[in-house]
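Given next are the chains, with one letter for each unit.
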Amino acid sequence: MVCPSLCTQRTFLDAQKAVIEDFAMNKNKKEREFYSLDVGDSTFTVLKRYQNLRPIGSGAQGIVCSAYDQNLERNVAIKKLSRPFQNQTHAKRAYRELVLMKCVNHKNIIGLLNVFTPQKSLEEFQDVYLVMELMDANLCQVIQMELDHERLSYLLYQTLCGIKHLHAAGIIHRDLKPSNIVVKSDCTLKILDFGLARTAATGLLMTPYVVTRYYRAPEVILGMGYQANVDIWSVGCILAEMVRHKILFPGRDYIDQWNKVIEQLGTPTQDFLMKLNQSVRTYVENRPRYAGYSFEKLFPDVLFPADSDHNKLKASQARDLLSKMLVIDASKRISVDEALQHPYINVWYDPAEVEAPPPRILEKQLDEREHTVEEWKAQGFPKANLQGKNLKKYFLLQKTTRFWF
């Protein structure tokens, strides 16, 4: 009788040998499979299956091009991560985005179609390309449009469905903003960019260096640590921007950001201030006190579209939702589940969308231990260097052996 542990070891060695053989076989094909072209200030080196590249956006985390995928016979978006291995922070962010995009599967979260690198070895590994679904625009462009209540409500509903899917797996997005939410002309919506997303940990003081400043929740600004409903504040800021057609809290820096918040919403209660550490509390208490404005004053009826006869959606409902999302004290802020049940949102409620199975993300996949840049590269290279059948084989190998990914 063969020992079960020996059988497992043989299975692992066979799978490992197959992966190594695939590496060697694919290595010689690399130069024939790729071509290069300049895109703005960057050079894209992509698989020949991707043609007609055109730049469609750029940001701190990378440059995005549209392209035509000859294999899938469809248009796609290709994101070249910006200098992913320049330091530990960038390397960790690139790895985290790749892991999360591979694991999540929801209609309101952008889908990962492929991942590749043109480099042939771990030593050369520098570039990571993510191939995703192509959408028509991001919310930055939509914000300038005059939307009726149906469209406003439906866009919010889809955003909340995507967030709930992440929160169900203990993932906080942490970087929700108009440029990270994309839409199609039929009003379908998807959330993207997971470079700053991380698993939630009750009581853990998380880094404040998240989220574009305008959409940062008070608990982030004040260094309090935060939980899942930090994303709800960001959604409230986005809704406010869609109604006002301008940024709600356009702070120049952290201090100015806090001032913009309290000038409009008012100085928080003493109960909230007592949750701050001593030095932060002293600073906040020494600021001028503001009474703030009512939400009727901040968001008068004139800013909203006409009330909807079809779905009975009203400005008063949208304003009430804003008042529950934009709450300085996170313990009193609405949750994603409560937001989905709000009258302005629940007209679209579909259990198949709201209660979709959460992504299966093993704790080790988003391990918060620190690694050197070279160690992060070693974690990411096999996933960026394998495609299709080989990629599936690699993931099977990792699951079998309980590796880090």
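Use the structure listed above.
In this text the structure is predicted, and so the values were computed from the model without any measurement.

For the protein, the count of helices and strands is 16 helices and 12 strands. When the 405 residues of the protein are sorted by exposure, 53% land in the buried category. Counted over contacts in the protein with a minimum sequence separation of 6, partners at least 24 positions apart contribute 65%.

Here we come to helix α10 (residues 278-285). Looking at α10, one finds that the buried residues are V280, R281 and V284. The buried residues of α10 occupy one face: seen down the axis, they fall within an arc of 100°. Packing partners of the buried residues in α10 comprise α8 (254-265) and α9 (270-273).

With that settled, the discussion passes to the pairing of strand β4 (residues 62-69). The element β4 is extensively covered by neighbouring structure, given that 6 of its 8 residues are classed as buried. Between β4 and strand β5 (residues 74-81), which pair antiparallel one after the other, the connecting turn spans 4 residues, and E73 there sits at a positive phi close to 55°.

Between helix α7 (residues 230-244) and helix α12 (residues 315-325), the least distance of the axes is 9 Å, while the angle of their chain directions is 145°. When the axes of α7 and α12 are compared, the crossing they make is left-handed. Residue-level inspection shows I232, W233, V235, G236, L239 and A240 of α7 in contact with α12, the latter providing A318, L321, L322 and M325.

It is worth spelling out the pattern of salt bridges at this point. A full pass over the atoms with the stated rule returns 11 salt bridges. A salt bridge links D256 to K260; the shortest N-O distance between them is 3.1 Å. Taken as a pair, D256 and K260 lie in helix α8 at a separation of 4 residues, close to a single helical turn. Looking at D256, the relative accessible area reads 9%, which means it is buried. Between D329 and K275 there is a salt bridge; the shortest N-O distance is 3.1 Å. Of this pair, D329 sits in the loop between α12 and α13 (336-340) while K275 sits in the loop between α9 and α10, and the two are 54 residues apart along the sequence. What makes K275 partly exposed here is its relative accessible area of 44%. Taken together, the salt bridges that share partners define one network made up of R252, D256 and K260.

Here is what the cut-offs are and how they apply
- Residues numbered from 1 in each chain as written.
- Predicted model: local features only at pLDDT ≥ 70, side-chain atom pairs only at ≥ 80, totals over all residues.
- Heavy atoms only, no water.
- Helix = DSSP H or I, 4+ residues; strand = E, 2+ residues; numbered from the N terminus.
- Buried < 20%, exposed > 50% of the residue type's maximum accessible area, 1.4 Å probe, protein only.
- Contact = heavy atoms within 4.5 Å.
- Arc of directions from axis to C-beta.
- Pairing = 2+ DSSP bridges.
- Axes fitted to C-alpha atoms, helices over the stretch in contact; angles between N-to-C directions.
- Left-handed = near helix turned anticlockwise from the far one by under 90°.
- Salt bridge = Lys/Arg side-chain N within 4 Å of Asp/Glu carboxyl O.

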